[in-house]
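The residues making up each chain are set out below.
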Amino acid sequence: MLVRMELDGSWHDLVAALDDWTAASALSDRTIDVALPSDDGPGRRLMVVLTPDEWEDMTDVMWGSFEAAVEEVKQTLREMGADDAFAVYSQYRLVPSVSPTVGEEGGWAAPSGPGEWVASDSEGRS
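Let us look at the structure shown here. None of these values were measured; they are calculated from a predicted model. (Residues numbered from 1 in each chain as written. Predicted model: local features only at pLDDT ≥ 70, side-chain atom pairs only at ≥ 80, totals over all residues. Heavy atoms only, no water.)

1. Brief notes about the pairing of strand E4 (residues 86-90)
This is how the line gets drawn: When a residue's accessible area, from a 1.4 Å probe over protein chains only, is under 20% of the maximum for its type it is buried; when over 50% it is exposed; and in between it is partly exposed. Each helix is a run of H or I in the DSSP string that is no shorter than four residues. Each strand is a run of E no shorter than two, and both are numbered from the N terminus. For two strands to be treated as a pair, DSSP must find no fewer than two bridges joining them.
Within E4, five of the five residues are buried, which leaves the element mostly enclosed by the surrounding structure. With burial as the criterion, each face of E4 is covered, one bearing Phe86, Val88 and Ser90 and the other bearing Ala87 and Tyr89. Judged from the five bridges that link them, E4 and strand E5 (residues 93-97) form a sheet pairing that is antiparallel. Across the sheet, valine 88 pairs through a bridge with valine 95, a residue of E5. From the end of E4 to the start of E5, which pair antiparallel, there are two residues, and glutamine 91 there has a positive phi angle of about 55 degrees.

Structure, rendered in structure tokens:
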């Protein structure tokens, strides 16, 4: 039980850090409403979809510290595309998404830019 309380505290510290950076508030135990900063005050609103356990994975496993993980979250939010309304946890980081899940079936988000996904066999044939 004590461990869970510490995890929740760290997640709430993330909400507080984002609120200090711009305007942010927890809507649920897995959703944070964030107003992106702009030159004249809070900008467009985004949702961060991230549980306390996922946040612990980001701070411990991926980035190694609370501060480094917060900076990564801020960087991800700064780089969100115009159509992206959600930053969703996936594999130790947040990824931009147009929906509260990653990809259509909760898998990896489709990459942006030129190119396409193709499947090939062990001989390299498409």
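2. Overview of the packing of aromatic side chains
Defined as follows: Here the aromatic set is Phe, Tyr and Trp, taking the six-membered ring for Trp, and pairing holds for ring centres within 6.5 Å; pairs whose planes are under 30 degrees apart are stacked, those over 60 apart are edge-to-face, and all others are tilted.
Applying the stated criterion across every chain yields a total of one aromatic pair. Aromatic side chains tryptophan 55 and phenylalanine 66 sit 5.8 Å apart centroid to centroid with 90 degrees between the ring planes, which places their arrangement in the edge-to-face category. Here tryptophan 55 is found in helix H2 (residues 52-62), whereas its partner phenylalanine 66 is found in helix H3 (residues 66-78), with eleven residues between them in sequence. Under the relative-accessibility criterion, tryptophan 55 is labelled buried at 0%. Given the relative accessible area of 26%, phenylalanine 66 is considered partly exposed.

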